[in-house]
Amino acid sequence: MRASTDPGVATAERYRAFAEVEARGMSACYERWAAGIAADPATVALIDQLPAVKRQPNLVFSAARLLGAVAGEYPAFAAWLREHWALVAVTCLTHATQTNEPGRCAVLLPALAALAGPLAIIEVGASAGLCLHPDRYSYRYRLAGGSESAGGEWMLHPTDGPSPVVLDCNVTGPVPLPERMPDIVWRAGIDLHPLDVHSDADVAWLEALIWPEHDDRRSRLRAAVAVARQETVEIVPGDLGDQIEALVARAPAGATVVVFHTAVLAYLNEQDRNRFAAQMTRLPVSWLSNEGQSVVPGVLDRLAEAPAPSHPIPASAFILALDGEPIALTQPHGRSLHWLG
Ligand SMILES: C[S@@+](CC[C@H](N)C(=O)[O-])C[C@H]1O[C@@H](n2cnc3c(N)ncnc32)[C@H](O)[C@@H]1O
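1. Some remarks on a nonpolar patch on the surface
Next up, step 1: On the surface, a cluster of nonpolar side chains totalling about 230 Å² of accessible area is made up of Leu66, Leu67 and Leu87.
Next up, step 2: By the element assignment, Leu67 lies in the loop between helix H4 (57-66) and helix H5 (74-83).
Next up, step 3: With a relative accessible area of 32%, Leu67 lands in the partly exposed category.

2. Observations concerning the pattern of salt bridges
Next up, step 1: Summed over the entire model, instances satisfying the criterion amount to 19 salt bridges.
Next up, step 2: With a shortest N-O distance of 2.9 Å, Asp215 and Arg218 are connected by a salt bridge. Of this pair, Asp215 and Arg218 both sit in helix H9 (residues 215-228), three residues apart, which is roughly one turn of that helix.
Next up, step 3: For Asp215, a relative accessible area of 49% puts it in the partly exposed group.
Next up, step 4: By relative accessible area, which is 9% here, Arg218 ends up buried.
Next up, step 5: A salt bridge links Asp239 to Arg275; its shortest N-O distance comes to 4.0 Å. Note that Asp239 is positioned in the loop between strand S6 (235-237) and helix H10 (240-250) and Arg275 in helix H11 (residues 270-282), a separation of 36 residues in sequence.

3. Comments concerning the pairing of strand S8 (residues 286-292)
Next up, step 1: Among the seven residues that make up S8, seven are buried, leaving the element largely enclosed by the rest of the structure.
Next up, step 2: In this structure, strand S7 (residues 256-262) lies alongside S8, joined through five bridges in parallel fashion. From the neighbouring strand, Val258 faces S8, where its bridge partner is Ser286.
Next up, step 3: With respect to chirality, the unit in which S7 leads through H11 into the neighbouring parallel S8 is right-handed.
Next up, step 4: Here S8 runs beside strand S9 (residues 318-322); their pairing, made up of five bridges, is antiparallel. Considered in S9, the bridge of Asn290 is made with Leu320.

4. Some details on the pairing of strand S5 (residues 184-191)
Next up, step 1: Of all eight residues in S5, seven are buried, a share of seventy percent or more.
Next up, step 2: Pairing of strand S1 (residues 119-124) with S5, which is carried by six bridges, proceeds in the parallel orientation. Looking at the pairing, Ile122 lines up with Ala188 of S5.
Next up, step 3: Pairing of S5 with S6, which is carried by three bridges, proceeds in the parallel orientation. The residue of S6 that forms the bridge with Ile190 is Val236.

5. Quick notes on the layout of surface pockets
Next up, step 1: Of the pockets and cavities examined, the second largest pocket occupies roughly 230 Å³.
Next up, step 2: Asp135, Arg136, Pro158, Thr159 and Asp160 are the residues nearest the centre of the second largest pocket, which is lined by 15 residues in total.
Next up, step 3: Of the residues belonging to the lining of the second largest pocket, the class tally is seven nonpolar, four polar and four charged.

6. Side note on the packing of aromatic side chains
Next up, step 1: A complete count under the given rule lists 13 aromatic pairs for this structure.
Next up, step 2: When the centroid spacing of 5.4 Å and the interplanar angle of 55° are considered together, the rings of Phe18 and Trp211 count as tilted. Here Phe18 is found in helix H1 (residues 11-23), whereas its partner Trp211 is found in the loop between helix H8 (200-208) and H9, with 193 residues between them in sequence. Comparing Phe18 with Trp211, the two get one shared label, buried.
Next up, step 3: The interplanar angle of 80° and the centroid separation of 5.4 Å between the aromatic rings of Trp33 and Phe61 together place this pair among those described as edge-to-face. Here Trp33 is found in helix H2 (residues 28-38), whereas its partner Phe61 is found in helix H4, with 28 residues between them in sequence.
Next up, step 4: Looking at Phe61, the relative accessible area reads 0%, which means it is buried.
Next up, step 5: Here a set of aromatic residues connected by ring pairs shows up, and it is made of Tyr15, Phe18, Tyr30, Trp33, Phe61, Tyr74, Phe77 and Trp211.

What counts, and at which threshold
- Residues numbered from 1 in each chain as written.
- Predicted model: local features only at pLDDT ≥ 70, side-chain atom pairs only at ≥ 80, totals over all residues.
- Heavy atoms only, no water.
- Patch = residues over 30% accessible without salt bridge, like charges linked within 9 Å, V, L, I, M, F, W, Y side chains within 5 Å.
- Areas by Shrake-Rupley, 256 points an atom, 1.4 Å probe, with all protein chains shown as cover.
- Salt bridge = Lys/Arg side-chain N within 4 Å of Asp/Glu carboxyl O.
- Helix = DSSP H or I, 4+ residues; strand = E, 2+ residues; numbered from the N terminus.
- Buried < 20%, exposed > 50% of the residue type's maximum accessible area, 1.4 Å probe, protein only.
- Pairing = 2+ DSSP bridges.
- Right-handed = clockwise from strand over helix to strand, strands pointing away.
- 1 Å grid on protein atoms, 1.4 Å probe; cavity = no way out; pocket = protein on both sides within 12 Å on 5 of 7 lines; lining within 4 Å.
- Points joined across faces, edges and corners; volume = space filled by probe spheres on them.
- Nonpolar A, V, L, I, M, F, W, Y, C, P; charged D, E, K, R; others polar.
- Phe/Tyr/Trp six-rings, centres within 6.5 Å; stacked < 30°, edge-to-face > 60°.

Structure below.
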């Protein structure tokens, strides 16, 4: 686990790691805030009043922004945090980091469309379930170098016409870009703490979880929430390993059951990851994982056997794997997809 999310690491060190590794190049505001806290023992002492698992920069910053902290320089933020600490602390205790990024559907879609339908899809670690509607979004795949039609674009729309949500994704490698949407006849999710797209408070939390400068993601989130509100999808509360077998058993007969997850298994300890991987092997399902490189048991080892990409793999890249076999490298928010061939 990385230092910023590791409860065993001292708070100042967690915030320094967050500033230097996660925020740098992604959010100038969060980089300033995290670096400021790392060098500010008084604010570290406030944060240390929280249980260790609740001291994560992403949680504290999202809680502060939910309550009105404005993106800006560190001294103003530190003063704001001192003044509002009691409320921020309660918000951290009652909330969790569960960013829901519909953009990830762009990297899942080619793999879903290549499976024999109709499909019954189950997302474990679904948050509010915005990735459970891949067939309701429009896609604009930009074909970059390495692809046969480099420089072109590939649009795909829901069967009833263009969606208000358009997901952009740069693709390289021999991606099997789909001609039509997968036929999804049933969908459901599992989450420890499902968020409800119909709840304004939950949606406000989802917005606060998006980093300050990422306005494109915030507008996409709002549009995806409007799409998701058109249909109620069940998200079973509970641990994915405890709930998955019963939910798979409820999928309609005759459909290919696909269990998928993105940015979830990092939350599990090694034993639980192994248990879940064994369940995926045993159950009659296709298993699509999109996770950090060393998260899904065995996947990184198998990546070494796949055709190597022509460029170095960024440390932040996720591996998309089907039934444990790597098929693509993906940008963590779904902005790009490199198919391994
Ligand atoms: C970072 S969010 C990702 C949400 C969604 N998959 C996406 O990509 O937008 C991780 C989600 O996994 C859930 N989660 C973490 N551990 C879990 C577990 N053991 N069982 C079920 N859900 C879990 C969290 O509650 C959170 O909603």
